Every structure is written in C-alpha cells, then in structure tokens.
Amino acid sequence: GAGVSQSPRYKVAKRGQDVALRCDPISGHVSLFWYQQALGQGPEFLTYFQNEAQLDKSGLPSDRFFAERPEGSVSTLKIQRTQQEDSAVYLCASSPLVGAGETQYFGPGTRLLVL
Amino acid sequence: QKEVEQDPGPLSVPEGAIVSLNCTYSNSAFQYFMWYRQYSRKGPELLMYTYSSGNKEDGRFTAQVDKSSKYISLFIRDSQPSDSATYLCATEGAGNNRKLIWGLGTSLAVNP
C-alpha cells in the first residue's frame, strides 16, 4: 500500500517568501506529526494532530510557522517570511491509532533551502 | 543537556563486523524506545522497537534497553554494505505526549 507522501520533495525559496509543504498520510491514520531535521541532526518535533485537532504545537519555532489538517487527512505546514535558518528537511509521519507507543511511519521529507 | 544523547560518529567497519550503537537518555519516565534507519535523502524507517527494559532480536539486529542506567543499544551482526546509513535512536515523550525525541544519529559505513 501507499506510504506517507510529501510534496514538493525539494523547494528553493528566497528569503521572505512564504512556502507551503504538503503531507498525505497513510489512509485512515489518525495521528499526524511534523518534524524538522537540520543537516547532520536528528529530527526535532514541530506539531501533532489527532484527526483535525492540533493537540500539540509546542515545537513550532516561531509564529511564522503554521500547520493545519482541516479534514483530518492531508496536512499542510506553512512557513511565512522564510529565513535562512528555516533551511532543513521537513518530515511528516503518521500513525494509525492514538495510543502510546504506536509506530510512526515517515514520509521522504521536503528539503527546503532558503537563499 | 539534550534528553537523548548519541555519538554522531562517523563509524566505519569492515563487512561482517559486529556493530554496536548506543544512546543515553535523561528522563526515567520514558518507556518506549526505537531505532530508526535513515538512508541519504530518505525519511527514517523503523528498525527496532522496545518497550521498557529488555532485549529484542530481529534477524541480524538486537536492541537492548537498560532502564537502570538509561542506556539503549543496537547491535548489528554480520554487517553488510547495505547497512550503511544513519541510525537514529528515539524515545516517545512521557505521559500523553506522543512526540518522538531523537538522538543526533550515528553515521555508519560498512566497507566491502
């Protein structure tokens, strides 16, 4: 079956430009996560959805970052007025249930470069 | 101090060697521990999953958790060039917090 897909795979943005990154989770998965992975680092948590509800956005680095999942499936991570420090790989993961210890399945990531 | 510490390496071994990868963590409330493998320009894929203390074996891979010392390990036997990747340890946040907390990742090269 299809895994988690993300688009675009690569994005080059000029500093100050707004970008939108899309995540298509595995069909039927309730939980959806966004992570940011800087070069040579482990992923860092950004935000978590259970269906359409955003239950945790404590990892969003600034108010320029916004995520939504309006119908409980596809999610979009938006970054306004991009800065060079936003350059990273943005990973999306989904899991089927909401219980602790549920496996998170990752997409290939969107590689964002801000010039 | 990061909640999960992992030596980034790089680690280079000959084919057939036994590889030992390790992480430490700081919060004794963590219960779920994972090892993910990440190939270049790919997303992480789950390799091993352990709940609480103990060992888990899957083919050439063995994961160990020692909660008394807050130490987690991954052993790879008979390493293959296809095992060359970055290995990331992770744990799930305590309580109802489902976020994964990650180590830096260890870059492994298995040389034929």
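If you're wondering where the values come from, they're calculated on a predicted model, not measured in any experiment.

A. Geometry of the state of the cysteines. Considering all chains together, one arrives at two disulfides over all chains under this definition. Between the sulfur of Cys23 of chain A and that of Cys92 of chain A lies a disulfide, 1.9 Å long from S to S. Here Cys23 of chain A and Cys92 of chain A share a disulfide; its torsion about the S-S bond, -65°, makes the bridge left-handed. Taken as a pair, Cys23 of chain A in strand β3 (residues 19–24) and Cys92 of chain A in strand β9 (residues 88–95) lie far apart in primary sequence, 69 residues in all. Each member of the pair, Cys23 of chain A as well as Cys92 of chain A, is classed as buried. The disulfide bridge from Cys23 of chain B ends at Cys89 of chain B, spanning 1.9 Å between sulfur atoms. Of note, the bridge from Cys23 of chain B to Cys89 of chain B carries an S-S torsion of about -100° and is left-handed in sense. Here the residue Cys23 of chain B occupies a position in strand β3 (residues 19–25), and Cys89 of chain B occupies one in strand β9 (residues 85–92), the gap between them amounting to 66 residues. A relative accessible area of 1% places Cys23 of chain B in the buried class. Cys89 of chain B gets classed as buried once you look at its relative accessible area, which sits at 0%.

B. Molecular detail of the sheet that holds β3 of chain B. Residue and element names in this part refer to chain B. The sheet built from five strands is open, its strands ordered β1-β3-β8-β7-β6 with antiparallel pairing. Looking along the sheet, the strands with just one partner apiece sit at the ends: β1 (4–6) and β6 (54–58). This sheet shows a mean twist of 15° between the axes of neighbouring strands, independent of strand direction. In this sheet, strand β8 (residues 71–76) lies alongside β3 in antiparallel orientation, the contact comprising six bridges.

C. Highlighting the pairing of strand β5 (residues 44–50) of chain A. All names here are of chain A. The buried count for β5 comes to five of seven residues, which makes it a mostly enclosed element. One ladder, built from six bridges, connects strand β4 (residues 31–37) with β5; its direction is antiparallel. Within β5, the position partnered with Trp34 by the bridge is Thr47. Connecting the antiparallel pair β4 and β5 is a turn made up of six residues, with Gly40 showing a positive phi of about 75°. With three bridges joining them, β5 and strand β6 (residues 53–56) adopt antiparallel strand pairing. Residue Tyr48 lies in a different strand from β6, and its bridge partner there is Asp56. The antiparallel pairing of β5 with β6 creates a hairpin that spans two residues between the two strands, and Asn51 there sits at a positive phi of about 55°.

D. Representation of the interface of chain A and chain B in the model. On the chain B side, the residues contacting the 28 residues of chain A number 19 residues. With both sides pooled, the region where chain A packs onto chain B buries about 1800 Å², and carbon together with sulfur makes up 49% of that total. Interface area lost by chain A to chain B is led by Pro43, Gly101 and Phe106 of chain A, which between them contribute 24%. Run the count over chain A and chain B and you get one salt bridge. Lys2 of chain B serves as the salt-bridge partner of Glu44 of chain A, at 3.5 Å between the closest nitrogen and oxygen. Between chain A and chain B we count eight residue pairs in polar contact (both at pLDDT 80 or more) in total.

The rules we used
- Residues numbered from 1 in each chain as written.
- Chains lettered and ligands numbered in written order.
- Predicted model: local features only at pLDDT ≥ 70, side-chain atom pairs only at ≥ 80, totals over all residues.
- Heavy atoms only, no water.
- Disulfide = S-S within 2.5 Å.
- Helix = DSSP H or I, 4+ residues; strand = E, 2+ residues; numbered from the N terminus.
- Buried < 20%, exposed > 50% of the residue type's maximum accessible area, 1.4 Å probe, protein only.
- Pairing = 2+ DSSP bridges.
- Axes fitted to C-alpha atoms, helices over the stretch in contact; angles between N-to-C directions.
- Contact = heavy atoms within 4.5 Å.
- Buried area = accessible area lost by both parts, 1.4 Å probe.
- Salt bridge = Lys/Arg side-chain N within 4 Å of Asp/Glu carboxyl O.
- Polar contact = N/O pair within 3.5 Å; in protein donor to acceptor, adjacent residues only side chain to side chain.

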